[in-house]
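Single-letter residue listing:
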Amino acid sequence: MAKNRFTFDLYRLNVGTDESDETNPTSNTNQAIRDILATMARPTFDIPMTGRKTTSTWGVRQFETFVLKGASRADVVHHILLVKALETQDGSTLTDVGLSTGRSTIDPPLATSVSLYFWMQRHLVAVEHNATLLSGKAWRSAIRLISKRAAKTHGNSAILILEPVPEADSISTLLATFVRVIRIKAKVRIPNPELTRFTKAFYEQLKASRINEYRQDMRNQQQGLSLEEGTLARATIGLAEEGYKDGDVTIIGTRKGQIETVVVGHTAARGTLRVTKEEMRQLSPEDDPIMVTAVIGALLGEIERMKPVEGKSSIE
């Protein structure tokens, strides 16, 4: 039973802009995101990808919405199925005279899929863990490309971007192991919808300056950077810990008597439910409301445990 439990990796949903689209505005409202996700599920938006040894097609299927109604609000969770269909693969094949190397066509294509659950109140995404399918960045690139094409049909230049959310306070804990931090490199995004005490002031500055993305390379070789609350360095780390970033964060400093470089932010926190993979896959919004509330409620509860809300969760 334990081996078959539903396990997921936690990602932050960021909304980027298609810089090549100069005609359409970018909308990041929950309704706009919902429209994009629903449109992504059409086969016409499937994306072919060619690797070094394989060709495959990525697509989205099975868009559906779960609504959990509580005393004070209704939590909305959109579900999609991300599918990779393997069509050709290079390798050795058995012939009458031995082994032959070449490209084999797989007909029909072998499909592998993972479920993604978008918790819209917090813009957090539970991605079903699959070590094979999620081993690289191809799946996130597929989400970007498919969402970009789907958004255009709505007159929207938005791109849906998923960034790993690290274990709670993992980067802060790492920083504490340095005697002195002399450099931090990161590209951060304006937070939406969550703020913490470390990021609120920085958010106001970004918003006032109309900045959506901010690439930083902070350094102080002699004295080291200040990581006190309210500083730019601490706000940057706070945004990275919440998943409001683009790529990894590089930290350089003195630790154990020598200069070390550490790259963080690429590993997502992982959660587990008592619910099995099959039960999650078979769950439908049309099922018994008590069962839907129990299963989706357990998912949101696990996310809350992994990434607790600090103060008010929404930007007003």
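This part takes up the overall build of the protein chain. Looking only at helices and strands, the protein chain has 7 helices and 12 strands in total. Relative to its length of 316 residues, the protein chain is compact, with a C-alpha radius of gyration of 22 Å against a globular reference of 20 Å. Summarising its shape, the C-alpha atoms of the protein chain cover approximately 70 × 60 × 50 Å along the three principal directions. Within the protein chain, the proportion of its 316 residues that are buried is 47%. Taking the contacts inside the protein chain whose residues are at least 6 apart along the sequence as the reference set, 73% of them involve residues at least 24 apart. Within the structure as shown, the protein chain displays about 16200 Å² of accessible surface, and the carbon and sulfur contribution to it stands at 50%. Between the mean site of the 41 positive side-chain charges and the mean site of the 37 negative ones, the protein chain shows a separation of 4 Å.

Another point: the confidence of the model for the protein chain. Predicted coordinates in regions of low pLDDT should not be interpreted in detail. In this model, the protein chain carries a mean pLDDT of 88, and residues with pLDDT of at least 70 account for 91%. Counted against residues more than four places away or in other chains, residues 312-316, with its pLDDT under 50, gives 11 contacts.

A cis amide bond links Asn-192 to the next residue, Pro-193, at an omega of 15°. The topology assignment puts Pro-193 in the loop between β8 (180-189) and α4 (200-208). Here Gln-62, not a glycine, exhibits a phi torsion of approximately 60°, which is positive. In this fold, Gln-62 is placed in strand β3 (residues 54-69). With a phi close to 55°, Lys-256 is a non-glycine residue in the positive phi region. Tracing the sequence through the fold places Lys-256 in the loop between β10 (249-255) and β11 (258-264). A relative accessible area of 75% means that Lys-256 is categorised as exposed.

Relative to the helices and strands, Lys-245 is located in the loop between α5 (232-242) and β10. Exposure remark for Lys-245: the relative accessible area of 1% places this residue in the buried category. Along the sequence, Lys-245 and Thr-44 sit 201 residues apart, while their C-alpha atoms lie 30 Å from each other. With residues near it in sequence (within four places) discarded, Lys-245 still touches Asn-14, Glu-163, Pro-164, Lys-187, Val-188, Arg-189, Ala-240 and Gly-265. There is a polar contact of 2.7 Å between the side chain of Lys-245 and the side chain of Glu-163. A distance of 3.2 Å separates the side chain of Lys-245 from the backbone oxygen of Gly-247, its partner in a polar contact.

What follows is about the layout of surface pockets. The calculated volume of the largest pocket comes to roughly 630 Å³. Lining the largest pocket we find 28 residues, and of these Val-15, Gly-16, Asn-28, Ile-190 and Asn-212 sit closest to its centre. Looking at the lining of the largest pocket, the elements with two or more residues in it are β1 (5-17), β7 (158-164), β8 and α4. Ranked by residue count, the leading element in the lining of the largest pocket is β1, at 5 residues. A class-by-class count of the residues in the lining of the largest pocket yields 11 nonpolar, 8 polar and 9 charged. Size it by volume and the second largest pocket reaches roughly 420 Å³. Surrounding the second largest pocket, 24 residues form its lining, Tyr-11, Gly-136, Lys-137, Arg-140 and His-266 being those nearest its centre.

Our next topic: the pairing of β8. For β8, a buried count of 7 out of 10 residues is recorded, marking the element as mostly surrounded by other parts of the structure. Relative to β10, β8 runs antiparallel, the two being bridged by 5 bridges. Its bridge partner being in β10, Ile-184 is matched across the sheet by Ile-251. As defined by bridge partners, β8 adjoins strand β9 (residues 213-219) across 7 bridges and the pair is classed as antiparallel. Each residue of the ladder has a partner; that of Val-188, found in β9, is Tyr-214.

We now examine the sheet that holds β8. Strand order in the open sheet formed by 4 strands is β9-β8-β10-β11, with antiparallel pairing between adjacent strands. The two strands at the open ends of the sheet, each matched to only one other strand, are β9 and β11. For this sheet, the mean inter-axis angle between neighbouring strands, taken without regard to orientation, is 15°. Of the strands in this sheet, β8, β9 and β10 are in contact with α5, which crosses β8 at around 50°.

For the rest of this paragraph, the subject is the packing of aromatic side chains. Scanning the model with the defined rule gives 4 aromatic pairs in all. Pairing Phe-202 with Tyr-214 gives two aromatic rings, centres 5.9 Å apart and planes at 55°, and the pair type is tilted. One end of the pair, Phe-202, is in helix α4; the other, Tyr-214, is in strand β9, with 12 residues separating them in the sequence. Pairwise contacts between aromatic rings join Phe-6, Phe-8 and Tyr-117 into one cluster. Stacked on the ring of Phe-178, the Lys or Arg Arg-255 has its end atom at 4.8 Å from the ring centre.

Calculation notes
Residues numbered from 1 in each chain as written. Predicted model: local features only at pLDDT ≥ 70, side-chain atom pairs only at ≥ 80, totals over all residues. Heavy atoms only, no water. Helix = DSSP H or I, 4+ residues; strand = E, 2+ residues; numbered from the N terminus. Rg over C-alpha atoms; globule rule 2.2 N^0.38 Å. Buried < 20%, exposed > 50% of the residue type's maximum accessible area, 1.4 Å probe, protein only. Contact = heavy atoms within 4.5 Å. Areas by Shrake-Rupley, 256 points an atom, 1.4 Å probe, with all protein chains shown as cover. Lys, Arg positive; Asp, Glu negative; His and termini not counted. Charge placed at Lys NZ, Arg CZ, Asp CG, Glu CD. pLDDT = per-residue confidence, 0-100. Polar contact = N/O pair within 3.5 Å; in protein donor to acceptor, adjacent residues only side chain to side chain. 1 Å grid on protein atoms, 1.4 Å probe; cavity = no way out; pocket = protein on both sides within 12 Å on 5 of 7 lines; lining within 4 Å. Points joined across faces, edges and corners; volume = space filled by probe spheres on them. Nonpolar A, V, L, I, M, F, W, Y, C, P; charged D, E, K, R; others polar. Pairing = 2+ DSSP bridges. Axes fitted to C-alpha atoms, helices over the stretch in contact; angles between N-to-C directions. Phe/Tyr/Trp six-rings, centres within 6.5 Å; stacked < 30°, edge-to-face > 60°. Lys NZ or Arg CZ within 6 Å of the ring centre and 35° of its normal.

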